[in-house]
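The residues making up each chain are set out below.
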Amino acid sequence: MNKELIKSNLLFKWITILSAYIFFLFFHILFFPFKINNRKIVVCNFYGNGYGDNPKYIVEELLKMKKSLDIVWLVSNKREYKFPKGIRTVKIFSIRSIYEFMTAKIWIDNCRKYFFYNLFKKKDTVYIQTWHGGIGIKRSEKEVEACLAKSYVWSAKHDSKMIDYFLSGSKWLSDDIKVNFWYDGKIEETGLPRNDKLINESKLLKEKVYDFYKLNNNMKIVLFAPTFRKGNTKAEFMDFAKLKTALNKKFDQEWVIFLRLHPNIKELKVDLPEYVINTSFYEDAQELLCAADILITDYSGIMFDMMLLDKPVFIYANDISEYKRDRNFKFDFEELPFCYAENDLEFIKNIENFSEEIYWNDLKKFKEKLFLYENGTASIKVAKKILEIMHFK
């Protein structure tokens, strides 16, 4: 790409950002005089990507408490997502969404708010950041600032200044937030709401998933959940046939493979054999974890969610050198209690040589090192905190 084209694209990008800034600034100012509704909560998940993750479980708890709340959920496309009664949806990045923000008592989000969209927060509005990751293996935020787009860094710093409470599920995560998130505010060490059902309702949710996919109860599930890569998941490079054969032999069971693509690329078309089910559009990954007997991932923090269920996790990292150059890692793989391989041969050997006794002993020590706060009550604690802020008795 020649220099003139690069300059032209960069100029177009900044003109677009500036135009959005001016557009949203006008409506922030217009709606600023409007009174805050002390019963209104505005919620967002992955920039409008439906009903899920930590915000979902907080809202479900609030709905159980049956208070007269006005819960607004921002979505990218209203027709794509189903919501329970008691939630009204508003299109994200719309004029109406700015009005909802400027008149809400509570904001709940699990991602950064763009600096040109959420320009400022009223003094009496409280912003709760749940984040979309818990313990993570990939370096992120301040650790990789030099690799991030300037617009994202500005948004991240601006977002952190507005946050009133940041949720944490472990001492490890609390320390990471303090060091790497440009944040020095309050951290609520409640556990992460999305993990409550892993602890409290694992059996029930397993039955739900089996029923949804019409699986025989004798079948075992291995969930393959690769993380996001630039342009490709590389899911096609996993030898599913060898995987299924090795699992059948090792555990003397019949296995089905669930593929779960990262939300950023779940639309990617992947050719799969009949014994592999694409679960990328199943609305709740935590429910899939409850159903799965084994998790295979690469660099996704989902491994630490599965850890709470005390189930086996295998790491398949066939492009680790490339990924190190891009993001690098918070942990050395040798520190982790999970079996790790860089190619198909090593991976199959890890399955063949897997020892439950060694795994659970290593897992116990690793959990103690992280100092977890997860006990299945995070959703209730956060919901009660919200009602307290809103002055409900």
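Treat the numbers as computed from the prediction; the structure is a model and nothing was measured.

What counts, and where the lines are drawn
Residues numbered from 1 in each chain as written. Predicted model: local features only at pLDDT ≥ 70, side-chain atom pairs only at ≥ 80, totals over all residues. Heavy atoms only, no water. Buried < 20%, exposed > 50% of the residue type's maximum accessible area, 1.4 Å probe, protein only. Helix = DSSP H or I, 4+ residues; strand = E, 2+ residues; numbered from the N terminus. Contact = heavy atoms within 4.5 Å. Salt bridge = Lys/Arg side-chain N within 4 Å of Asp/Glu carboxyl O. Pairing = 2+ DSSP bridges. Right-handed = clockwise from strand over helix to strand, strands pointing away. Axes fitted to C-alpha atoms, helices over the stretch in contact; angles between N-to-C directions. Patch = residues over 30% accessible without salt bridge, like charges linked within 9 Å, V, L, I, M, F, W, Y side chains within 5 Å. Areas by Shrake-Rupley, 256 points an atom, 1.4 Å probe, with all protein chains shown as cover. Parallel < 35°, antiparallel > 145°, perpendicular 65-115°, else oblique. Left-handed = near helix turned anticlockwise from the far one by under 90°. Nonpolar A, V, L, I, M, F, W, Y, C, P; charged D, E, K, R; others polar. Core = buried A, V, L, I, M, F, W, Y, C linked by side-chain atoms within 4.5 Å.

(A) Just helix α5 (residues 171–180), in detail. Within the sequence span of α5, burial applies to Trp172, Leu173, Ser174, Asp176, Ile177 and Asn180. Those residues of α5 that are buried lie in contact with β6 (165–167), β7 (186–188) and α13 (356–370). Trailing α5 by a residue or two, Trp182 shows a phi angle of about 50°, which is positive.

(B) Structural context of the pattern of salt bridges. If you walk through the whole model with that rule in mind, you get 25 salt bridges. Across the salt bridge formed by Glu145 and Lys157, the nearest N and O atoms sit 3.6 Å from each other. Taken as a pair, Glu145 in the loop between β5 (126–129) and α4 (150–162) and Lys157 in helix α4 lie far apart in primary sequence, 12 residues in all. Judged by relative accessible area, Glu145 falls into the partly exposed class, the value being 30%. Between Lys244 and Glu254 there is a salt bridge, with its nearest N and O atoms 2.4 Å apart. One end of the pair, Lys244, is in helix α8 (residues 240–251); the other, Glu254, is in the loop between α8 and β9 (255–259), with 10 residues separating them in the sequence.

(C) Summary view of the pairing of strand β1 (residues 37–44). The sheet contact formed by β1 and strand β4 (residues 104–109) spans 5 bridges and is parallel. From the neighbouring strand, Asn37 faces β4, where its bridge partner is Ala104. In this sheet, strand β2 (residues 70–75) lies alongside β1 in parallel orientation, the contact comprising 5 bridges. Bridged to Val43 within β2 is Trp73. Between the parallel elements β1 and β2, the chain passes through helix α2 (residues 53–64) in a crossover that is right-handed.

(D) Representation of the sheet that holds β1 within the structure. Across the sheet, which stays open at both edges, the 7 strands sit in the order β3-β2-β1-β4-β5-β6-β7 with parallel pairing between neighbours. Single-partner strands in this sheet number two, and they are β3 (87–91) and β7. The average angle at which neighbouring strand axes cross in this sheet is 25°, direction not considered. The strands touched by helix α14 (residues 378–389) within the sheet are β1, β4, β5, β6 and β7, with β4 carrying the most contacts at an inclination of about 160°.

(E) Structural detail: a nonpolar patch on the surface. A contiguous nonpolar patch, built from Leu18, Tyr21 and Ile22 and spanning about 290 Å² of accessible area, is present on the exposed surface. When its relative accessible area of 34% is taken as the criterion, Tyr21 is described as partly exposed.

(F) Region of interest: the packing of α8 against helix α12 (residues 344–352). Axis separation between α8 and α12 bottoms out at 9 Å; the angle between their running directions is 15°. The pairing of α8 with α12 is recorded here as roughly parallel in orientation. Both α8 and α12 take part in a crossing whose hand is right-handed. Residue-level contacts link Lys242, Leu243, Ala246, Leu247, Lys250 and Phe251 of α8 to Phe347, Ile348, Ile351 and Glu352 of α12. Per-class residue counts for the contact of α8 with α12 are 7 nonpolar, no polar and 3 charged.

(G) Just the nonpolar core, in detail. Formed by 98 residues in total, the largest nonpolar core has its most connected members in Leu243, Phe258, Ile296, Phe304, Leu336, Phe338 and Phe347. For Leu336, the contacting residues outside a window of four places in its chain are Ile137, Met303, Phe304, Ile315, Phe331 and Phe366. By size, the runner-up hydrophobic cluster in this structure holds 26 residues, among which are Ile41, Tyr51, Ile108 and Val382.

(H) Spotlight on the side chain of Ser170. Note on placement: Ser170 falls in the loop between β6 and α5. Accessibility expressed as a relative area gives 1% for Ser170, which makes it buried. Once you skip the residues sitting within four places of it in the chain, Ser170 turns out to touch Ile135, Leu370, Phe371, Leu372 and Tyr373.

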